[in-house]
Amino acid sequence: MSDKPITLALVGNPNCGKTSLLNQMTGGKDLVGNYPHVTVQVVERQLTHKGRALSVADLPGIYALTSQSPEELSAREYILAQHADVVINVIDAGNLQRSLYLTTQLVEMGRPIVFALNMVDEVESQAAEIDVAALSSMLGAPVVRTSGKRGKGVAELLDAALDVLDRGVAPQRSFVHYDAHLEEAVQRVQAVVQENHTDAAVREQEGSRWMAIKLLEGDVAMLRAEGDHQRLVELGGKSAPPWPSTMGCLAKACLPMRGLVMCMEWCQKR
Ligand SMILES: Nc1nc2c(ncn2[C@@H]2O[C@H](COP(=O)(O)OP(=O)(O)OP(=O)(O)O)[C@@H](O)[C@H]2O)c(=O)[nH]1
Ligand SMILES: [Mg+2]
């Protein structure tokens, strides 16, 4: 058996309580503050949970996984490089809508994941309105209510992460079904990726969907990284629907927004 610790990564919006949760896990005193971007680089801390060695990485806060900021790009690369065995997406229960924008993009990456619905102590009445079971079933991964301030749910969160790892479950990353015209475009570009990409892992069904979505968004870093696959980029571009130029930004935002709207519809208690 390998001595290498199991690696977990805390990913979430700025100020959602990632470092507070880390401190609760380790008993440490890493800097927290009631303002965004307190943590500016990846911090890794070691701990033991139920006899298992863990290394927990606290990633700088981000709102999305585009390539528009160095933090977002480095978080994305960290996850794509599979540095984390399990991603812990910290969701601010008081800012659910804003948080789920990132969540839907993380799920589409397809890495093993669990969700910490944090700040439940602060927004108890709001948090009670969130249907955790529905959210969890839609995202295809456990959702645990936590408080970074009081330590509530932290042990259960670690249990859930280890359980996901032990059972080898990945989220249902194609859970977001876009509107017909977007879905058709995603599938058209995905077929091009599956036929043409040189990397077998990217050609497989789910990996190709993530790449198709990023190519359709016109993601700068992805296009640059795929520079070696010029033919693929060209074919992908030709397969994209003809967005009017004035609609370009809207079309790009449409993809993650659609996931967000679906999540919100599902997880608000009816
Ligand atoms: N009431 C309450 N406050 C919390 C909770 N978790 C964190 N906080 C507070 O929220 C603020 C932000 O916490 P941090 O742990 O620094 O958040 P972060 O996600 O690491 O923020 P960045 O490093 O800026 O991305 C601090 O004032 C914390 O005390 C919680 O569950 N409940
Ligand atoms: Mg922090």
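Going along each chain's sequence as written, the residues are numbered from 1 onward. Chains carry letters and ligands carry numbers; both start at the beginning, A for chains and 1 for ligands, and go up in the order they are written. Local features in this predicted model are restricted to residues of pLDDT 70 or higher, and side-chain atom pairs are both shown and tallied only at a pLDDT of 80 or more, whereas totals for entire chains, interfaces and linings draw on every residue. Only hydrogens and water are set aside when side-chain values are computed; all heavy atoms of the structure are taken into account.

Trainee: Which residues make up the coordination of the magnesium ion (ligand 2), and what values do they have?
Mentor: Donor criterion used throughout: N, O or S atom within 2.8 Å of the metal, extended to 3.2 Å for Na, K and Ca. Water excluded; incomplete-looking sites may result. Every protein donor of the magnesium ion (ligand 2) is listed here as T19 (OG1) and T39 (OG1), and their distances to the metal cover 2.0 to 2.1 Å. You can see T19 sitting in helix α1 (residues 18-26) and its partner T39 sitting in the loop between α1 and β2 (43-49), a full 20 residues away along the chain. Relative accessibility under 20% of the residue-type maximum defines a buried residue, over 50% an exposed one, and the middle range a partly exposed one, all with a 1.4 Å probe and only protein chains included. Under the relative-accessibility criterion, T19 is labelled buried at 10%. Residue T39 is classed as buried on the basis of its relative accessible area, which comes to 16%. Helix and strand definitions here come from DSSP, where helices need a minimum of 4 consecutive H or I residues and strands a minimum of 2 consecutive E residues; each element is numbered from the N-terminal end.

Trainee: Residues and numbers for the environment of V40, please.
Mentor: Residue position: V40 is located in the loop between α1 and β2. The spacing of V40 and D58 is 18 residues in sequence and 9.6 Å in space, taken between C-alpha atoms.

Trainee: Requested: an account of the pairing of strand β5 (residues 113-118), with residues and values cited.
Mentor: The element β5 is extensively covered by neighbouring structure, given that six of its six residues are classed as buried. Covered by surrounding structure in β5 are I113, F115 and L117 together with V114, A116 and N118, the residues of both alternating faces. Here, strands pair whenever DSSP counts at least two bridges between them. Note that strand β4 (residues 86-92) and β5 share six bridges and pair parallel. Within β5, the position partnered with I88 by the bridge is V114.

Trainee: Go over the pairing of β2, please, and point to the residues and values.
Mentor: Bridging between β2 and strand β3 (residues 52-58) involves seven bridges; their strand directions are antiparallel. Residue pairing in the sheet places H49 in a bridge with R52 of β3. Linking two consecutive strands that pair antiparallel, namely β2 and β3, is a turn of two residues; a positive phi of about 50° is found at K50 within it.

Trainee: Give me the lowdown on unusual backbone geometry, citing residues and values where you can.
Mentor: Even without being glycine, N15 reaches a positive phi, approximately 70°. The phi dihedral of K50 falls on the positive side, at around 50°, and the residue is not glycine. Structurally, the position occupied by K50 is in the loop between β2 and β3.

Trainee: Report on the sheet that holds β2, specifying residues and quantitative values.
Mentor: The mixed open sheet is built from six strands, whose spatial order is β2-β3-β1-β4-β5-β6. Taken across any chain shown, the strands that pair with only one partner, and hence form the sheet edges, are β2 and β6 (143-145). Strand-to-strand twist in this sheet, taken as the mean axis angle between neighbours without regard to direction, amounts to 25°. Sheet analysis places β5 next to β6, joined by three bridges and oriented parallel. Its bridge partner lying in β6, F115 is registered against V143. Contacts are assigned to residue pairs with any non-hydrogen atoms lying within 4.5 Å of each other. For helices, the fitted line uses only the C-alpha atoms of the stretch in contact; every axis is such a line through C-alpha atoms, and the angle between N-to-C directions lies from 0 to 180 degrees. In the packing of helix α5 (residues 132-139) onto the sheet, the strands contacted are β5 and β6, and the crossing angle to β6 comes to about 150°. Here helix α6 (residues 154-167) sits on the sheet in contact with β1 (6-12), β2, β3, β4, β5 and β6, set at roughly 165° to β5.

Trainee: Describe the nonpolar core, listing the residues and the values that go with them.
Mentor: Judged by nonpolar contacts, the single largest core of 45 residues is most densely connected at A9, V11, L59, A93, L106, F115 and L117. Mapped by element, the contributors of at least two residues to this core are β1, α2 (70-80), β4, α3 (96-109), β5, α5, α7 (180-196) and α9 (205-217). Mapping this core onto the domain boundaries places at least three of its residues in each of domain 1 (6-167) and domain 2 (176-266). Residues within four places of F115 in sequence aside, it is in contact with N89, I91, T103, V107, L139, A141, P142, V143, V144 and L157. Only buried Ala, Val, Leu, Ile, Met, Phe, Trp, Tyr and Cys residues count toward a nonpolar core, and they belong to the same one when joined by side-chain atoms within 4.5 Å. Grouped together as the second largest cluster of nonpolar side chains are 23 residues, I6, L8, V154 and V164 included. Throughout the structure description, domain borders are defined by an automatic or database domain assignment.

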